[in-house]
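# Observations on the three-dimensional arrangement
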Amino acid sequence: MGVQAVPTPALHVRQMLARARNPFDISDAVLASVENALLCHVELHGWRQRKAPAPSLRCISHRHVFLLPDGDLLSLWELSYDRDDAAGGGVLHEVYESEEALARSEQRVHQGHRSAAHGPRNARPARDVPVELLLTADHPFGRRTYSETDSPDHARRLLRRAENADRPGEEIARLLETARGHEILPVPRPQVLAHERHVWCTVYEHAFLLADGSEISLYEVEHDLSGTGALVCEVYLEEGFADRAVNRLVRDRGFGS
């Protein structure tokens, strides 16, 4: 029996990002660090399995720990879970830089499967299913701290992964090159129930503090209405535009009346 080759840390992380729905959530700085890692260790972080009620759900998380040349350790967190059979089955993967982000995504996965499990019992015909979108401008998060660093890089990655044609252009990109701090705030997310399915969509405000002391915000809409299982990112200059984009997405996918 031959000896199976163990991939290098750089190859390991590239394979992990290739299967992930959200490779854009890993920053350029982290990617540069793991490209030079000396060793990689993968450990099981969590396992949940539910058989009933249908649909069944297996949700597994792993911690990928990289040893860097300076002796520091860097962790990436991977979530793997069963895709709803109604969407074609299979296993989906997501990857995150923090355990907190992993926990939020795991909660979203379980909420989506619970909605799918309870939807059919009281479901009405598709033409009568209401679409409920909850977006609000009231963000009860208090004063912004702008504690996040590497803000120009964060802005570049945010705009790069945006797939909407009307995303902010070069003028905004140049302005954000002067950012010296940023904060990411979750906007109370839209909840869409239609056709006996739970459609996941979330909105984030990316608030930037510029070098002259002024502020600017971009609004990110992340959703799974692509039809392929991939996560899609859209970015807008105003929250109202993000609101209308969500309504358009739902209508175009046939979930509206």
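Cut-offs and rules
Residues numbered from 1 in each chain as written. Predicted model: local features only at pLDDT ≥ 70, side-chain atom pairs only at ≥ 80, totals over all residues. Heavy atoms only, no water. Helix = DSSP H or I, 4+ residues; strand = E, 2+ residues; numbered from the N terminus. Buried < 20%, exposed > 50% of the residue type's maximum accessible area, 1.4 Å probe, protein only. Contact = heavy atoms within 4.5 Å. Areas by Shrake-Rupley, 256 points an atom, 1.4 Å probe, with all protein chains shown as cover. Arc of directions from axis to C-beta. Pairing = 2+ DSSP bridges. Axes fitted to C-alpha atoms, helices over the stretch in contact; angles between N-to-C directions. Salt bridge = Lys/Arg side-chain N within 4 Å of Asp/Glu carboxyl O. pLDDT = per-residue confidence, 0-100. Parallel < 35°, antiparallel > 145°, perpendicular 65-115°, else oblique. Nonpolar A, V, L, I, M, F, W, Y, C, P; charged D, E, K, R; others polar.

Turning our eyes to something else, we now look at the overall build of the protein. Helix and strand counts for the protein stand at 6 helices and 10 strands. Going through the 257 residues of the protein one by one, you find that 44% of them count as buried. Within the protein, contacts between residues separated by at least 24 positions form 58% of all contacts whose residues are at least 6 apart in sequence. Of the roughly 14000 Å² of accessible surface on the protein, 50% is carried by carbon and sulfur atoms.

A few words on helix 1 (residues 9–19). Because the α-helix completes a turn every 3.6 residues, residues three or four places apart line up on one side. Of all the positions in helix 1, only Pro9, Ala10, His12, Val13, Met16 and Leu17 are classed as buried. All buried residues of helix 1 project into a common sector of 160 degrees when viewed along the axis, lining one side.

Before going further, it helps to spend a moment on the sheet that holds strand 10 (residues 232–236). The sheet built from 4 strands is open, its strands ordered 5-8-9-10 with antiparallel pairing. The open sheet has two edge strands with one neighbour each: strand 5 (181–187) and strand 10. When strand polarity is set aside, the average angle formed by the axes of neighbouring strands in this sheet is 25 degrees. Note that strand 8 (residues 201–209) and strand 9 (residues 215–223) share 9 bridges and pair antiparallel. Its bridge partner being in strand 9, His206 is matched across the sheet by Leu218.

Once the charged atoms of two side chains with opposite charge are near each other, the side chains can pair. A complete count under the given rule lists 11 salt bridges for this structure. Between Arg161 and Glu220 there is a salt bridge, with its nearest N and O atoms 3.2 Å apart. With Arg161 in helix 4 (residues 151–161) and Glu220 in strand 9, this residue pair connects regions lying 59 residues apart in the sequence. Of the two residues examined, Arg161 and Glu220, each falls in the buried class. Connected through salt bridges with shared partners, the residues Asp153, Arg156, Arg157 and Glu177 form a single ionic network.

Moving on, we come to the pairing of strand 5. The buried fraction of strand 5 is high, at 5 of 7 residues. The sheet contact formed by strand 5 and strand 8 spans 7 bridges and is antiparallel. From the neighbouring strand, Val187 faces strand 8, where its bridge partner is Val203.

Glancing now at the confidence of the model for the protein. The pLDDT averaged across the protein works out to 75; a share of 70% of its residues lies at or above 70. The spread of mean pLDDT over the elements of the protein runs between strand 6 (residues 192–194), the lowest at 39, and helix 5 (residues 170–176), the highest at 93. Overall, residues 118–143 carries pLDDT values under 50, and its contacts beyond four positions in sequence, including any with other chains, amount to 42 contacts. A low-confidence stretch, residues 190–198 stays under pLDDT 50, and its non-local contacts, those more than four residues away or across chains, total 34 contacts.

For the rest of this paragraph, the subject is the packing of helix 1 against helix 2 (residues 28–35). Here helix 1 crosses helix 2 at 140 degrees, and the two axes come no closer than 8 Å. Considering their axes alone, helix 1 and helix 2 lie oblique with respect to each other. Contact residues: helix 1 offers Pro9, Ala10, Val13, Arg14 and Leu17, while helix 2 offers Leu31, Val34 and Glu35. Each residue belonging to the contact of helix 1 with helix 2 can be placed in one class, and the counts come to 6 nonpolar, no polar and 2 charged.

On any regular strand, side chains alternate: one points to one face of the sheet, the next to the other face. Judged by how many residues are buried, strand 8 sits mostly within the fold: 8 of 9 residues are covered. Connecting strand 8 to the next strand, strand 9, in antiparallel fashion are 5 residues, including Gly213 with a positive phi near 90 degrees.

Inspection of the secondary structure puts His154 in helix 4. Judged by relative accessible area, His154 falls into the buried class, the value being 8%. Filtering out sequence-adjacent residues up to four positions away, His154 remains in contact with His182, Ile184, His206 and Phe208.

For the rest of this paragraph, the subject is the environment of Leu76. Within the secondary structure layout, Leu76 lies in strand 3 (residues 73–82). In this structure Leu76 comes out as buried when scored by relative accessible area, which is 0%. Through-space distance from the C-alpha of Leu76 to that of Phe66 is 8.3 Å; in sequence the pair is 10 residues apart. Apart from the residues within four sequence positions on either side, Leu76 is in contact with Val13, Met16, Ile26, Val30, His62, Arg63, His64, Phe66, Val95, Tyr96 and Glu97.

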